[in-house]
Amino acid sequence: MARELSSIDIRYLVRELAAIAPASRIDKVYAPQPHELVLQLRRTGKGKALVRFIVPDGFYIASAKDDMPERPSSWCALLRKTLEGAKVIEVLQPASERIVQFVLGRADTTFSLYLELYGKGNIIVTDEKGIAHAVLHEITHKDRAVTRGTLYALPKGMDVFNLSAEAFRAVLRTSDKKNISTALSSSIGIGSLYAKELCLRAGVDPQAQVNDDIALRTYDALRALLATPAQPNIVTDGTSIPLPVVFLSSGKQPMELIGSFSNALERTFRMSAPAPASGATKALETQRLRLAHSIEAQDAAVKKLELAAATSQRAGELLYEHYAEFKTLLEQLALVRKKGEVDAFLKHHKKIVAYNPTTGDITLELQDSA
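Residues numbered from 1 in each chain as written. Predicted model: local features only at pLDDT ≥ 70, side-chain atom pairs only at ≥ 80, totals over all residues. Heavy atoms only, no water.

S.K.: Please clarify how the nonpolar core should be interpreted in this entry.
M.R.: For soluble globular proteins, nonpolar side chains are generally found buried alongside one another. Ranked by size, the top nonpolar core spans 79 residues in total, and within it Leu 39, Phe 53, Phe 59, Leu 83, Phe 102, Leu 113 and Leu 184 carry the most contacts. Per-element accounting of this core gives the leading share, 7 residues, to helix H6 (residues 212–226). Among all residues touching Leu 113, those that are not within four sequence positions of it are Leu 37, Leu 39, Leu 83, Val 100, Gln 101, Phe 102, Leu 104, Ile 123, Ile 124 and Val 125. Counting 7 residues, the second largest nonpolar core, distinct from the first, contains Ile 99, Ile 124, Ala 132 and Val 146. (Core = buried A, V, L, I, M, F, W, Y, C linked by side-chain atoms within 4.5 Å. Buried < 20%, exposed > 50% of the residue type's maximum accessible area, 1.4 Å probe, protein only. Helix = DSSP H or I, 4+ residues; strand = E, 2+ residues; numbered from the N terminus. Contact = heavy atoms within 4.5 Å.)

S.K.: Mind showing me how you'd approach the sheet that holds strand E12 (residues 233–235) here?
M.R.: Backbone hydrogen bonds are what pair the strands of a sheet, in a parallel or an antiparallel way. Taken in spatial order, the 3 strands line up as E13-E12-E14 in an open sheet, and their pairing is antiparallel. Lying at the two open borders of the sheet, with one neighbouring strand each, are strand E13 (241–243) and strand E14 (255–257). When strand polarity is set aside, the average angle formed by the axes of neighbouring strands in this sheet is 20°. Bridge count for E12 against E13 is 3 bridges, and the pairing is antiparallel. In the sheet register, Ile 234 faces E13, and the bridge partner there is Pro 242. Strands in contact with helix H7 (residues 261–272) are E12, E13 and E14; relative to E13, the strand with the most contacts, it is inclined by about 165°. (Pairing = 2+ DSSP bridges. Axes fitted to C-alpha atoms, helices over the stretch in contact; angles between N-to-C directions.)

S.K.: Looking at this structure, I do not really get the packing of helix H1 (residues 7–18) against H6. What am I missing?
M.R.: Each packed pair of helices is defined by two parameters, the angle between the axes and the distance between the axes. One way to put it is that H1 packs onto H6 with a least axis distance of 11 Å and a crossing angle of 25°. With respect to H6, the axis of H1 lies roughly parallel. As for how H1 packs across H6, the hand of that crossing is right-handed. On H6, the residues that touch Ile 8, Arg 11, Tyr 12 and Arg 15 of H1 are Leu 222, Leu 225 and Leu 226. When the residues that make up the contact of H1 with H6 are grouped by side-chain class, the tally is 5 nonpolar, no polar and 2 charged. (Parallel < 35°, antiparallel > 145°, perpendicular 65-115°, else oblique. Left-handed = near helix turned anticlockwise from the far one by under 90°. Nonpolar A, V, L, I, M, F, W, Y, C, P; charged D, E, K, R; others polar.)

S.K.: Quick question: what am I supposed to make of the confidence of the model for the chain here?
M.R.: Low pLDDT marks stretches whose predicted atomic positions should not be read closely. Across the chain, pLDDT averages 88, with 90% of residues at or above 70. Model confidence for the chain, summarised as mean pLDDT per element, is weakest for helix H8 (residues 279–321) at 67 and strongest for strand E8 (residues 122–126) at 98. (pLDDT = per-residue confidence, 0-100.)

S.K.: When you look at the side chain of Ser 185 in this model, what are you seeing that I'm missing?
M.R.: Following the sequence through the fold, Ser 185 ends up in helix H4 (residues 180–188). Residue classification places Ser 185 among the buried residues on the basis of a relative accessible area of 18%. With residues up to four places along the chain from it excluded, the contact list for Ser 185 reads Ile 190, Gly 191, Ser 192 and Ala 195.

S.K.: Would you explain the packing of aromatic side chains in this entry?
M.R.: Aromatic rings in a pair are described by how distant their centres are and how their planes are angled relative to each other. Taken as a whole, this structure holds 6 aromatic pairs when the rule is applied. Each ring, one from Tyr 114 and one from Tyr 152, has its centre 4.4 Å from the other, and the planes form 40°; the classification is tilted. Separated by 38 residues along the polypeptide, Tyr 114 in strand E7 (residues 109–116) and Tyr 152 in the loop between strand E11 (145–146) and helix H3 (165–173) bring together distant segments of the chain. The buried category is assigned to Tyr 114, whose relative accessible area is 10%. One aromatic cluster in this structure is built from Phe 53, Phe 59 and Phe 102. The lysine or arginine in question, Arg 11, covers the ring of Phe 161, its NZ or CZ lying 4.7 Å from the ring centre. The ring of Tyr 12 carries the charged tip of Arg 15 above its face, separated from the ring centre by 5.0 Å. (Phe/Tyr/Trp six-rings, centres within 6.5 Å; stacked < 30°, edge-to-face > 60°. Lys NZ or Arg CZ within 6 Å of the ring centre and 35° of its normal.)

Printed below as a string of structure tokens:
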């Protein structure tokens with residue numbers, strides 16, 4: 001992605017998703033990577049729809065399904081068990097958080113899927129009581145924890161989309177930021193891209209210090225922006241920035257209007273993603289892995305043979321070093337066998353650890369000084 005999605009971007013995306021998802025069912029769940037979730041929705045009489053989430057980068061309604069792993073990971077298997085077959089009741093953006101919530105239903109119960117699109121990103125599934133049962137990243141902060149078996153709570157932030165003019169002004173006036181642009185970006189939390197656009201729409205200098213007039217003018221500009229119908233586009237000046245509405249700050253920069261904000265995001269995601277391997281490349285990689293495993297097995301077999309050869313060689317050397325002793329013992333054993341005195345002979349020679357009375361073979365234990 002060329003930029004981080006803001007809460008305003010997510011607002012427009014959720015509107016698009018909310019137009020197709022409710023009354024559908026989650027038909028298939030894929031997780032090609034732990035941070036990636038693809039939901040295949042089956043819509044009665046309208047076919048299928050695919051939604052691809054890449055947390056924390058963003059999400060979009062996909063035009064096609066990419067190749068998926070043949071075997072699901074344990075994380076994917078858990079999500080399939082939890083989500084597949086569930087009915088999508090509603091898709092929400094809680095307050096102005098960078099979070100998408102799917103309210104799901106199964107039989108007589110409802111539960112939720114949350115996708116956090118900020119920080120490290122997260123995927124959480126909660127039961128009807130809000131208890132988290134599937135969590136991609138378990139985290140514990142001073143004022144909030146996201147862990148399995150505990151109540152999932154949304155971040156304690158303000159709802160920018162529903163602030164009154166007075167509350168908006170109070171946030172800006174108490175901000176420790178030096179100018180209106182950074183105050184809008186950080187204290188109001190709409191990001192630098194939208195902060196600069198609001199300043200332009202409000203007719204204020206982005207570097208100006210906050211006062212009541214500037215605060216109210218930017219508030220009015222924000223309300224107007226949030227009410228603006230979607231007009232998705234991509235700024236094609238080399239940055240390929242996807243936008244849900246036409247920005248005044250785009251000026252005379254080349255711009256392409258596009259069917260939906262999802263389409264715009266899908267294009268930029270695919271432009272920034274590494275090119276998928278061709279069939280020939282995949283075949284070569286499979287062959288390389290097979291050969292690597294074969295070489296590894298052959299190396300292990302060679303080491304085993306080398307060890308056996310070294311052991312045999314040392315046994316031969318010991319036999320040579322103690323040849324005179326072996327010869328004497330064998331001659332003495334032959335004599336005591338004729339006299340029937342083998343037991344006494346064996347007790348006297350402690351190096352003999354085994355004796356075969358049928359063949360006359362003996363086994364000696366020698367101390368290897370090598």
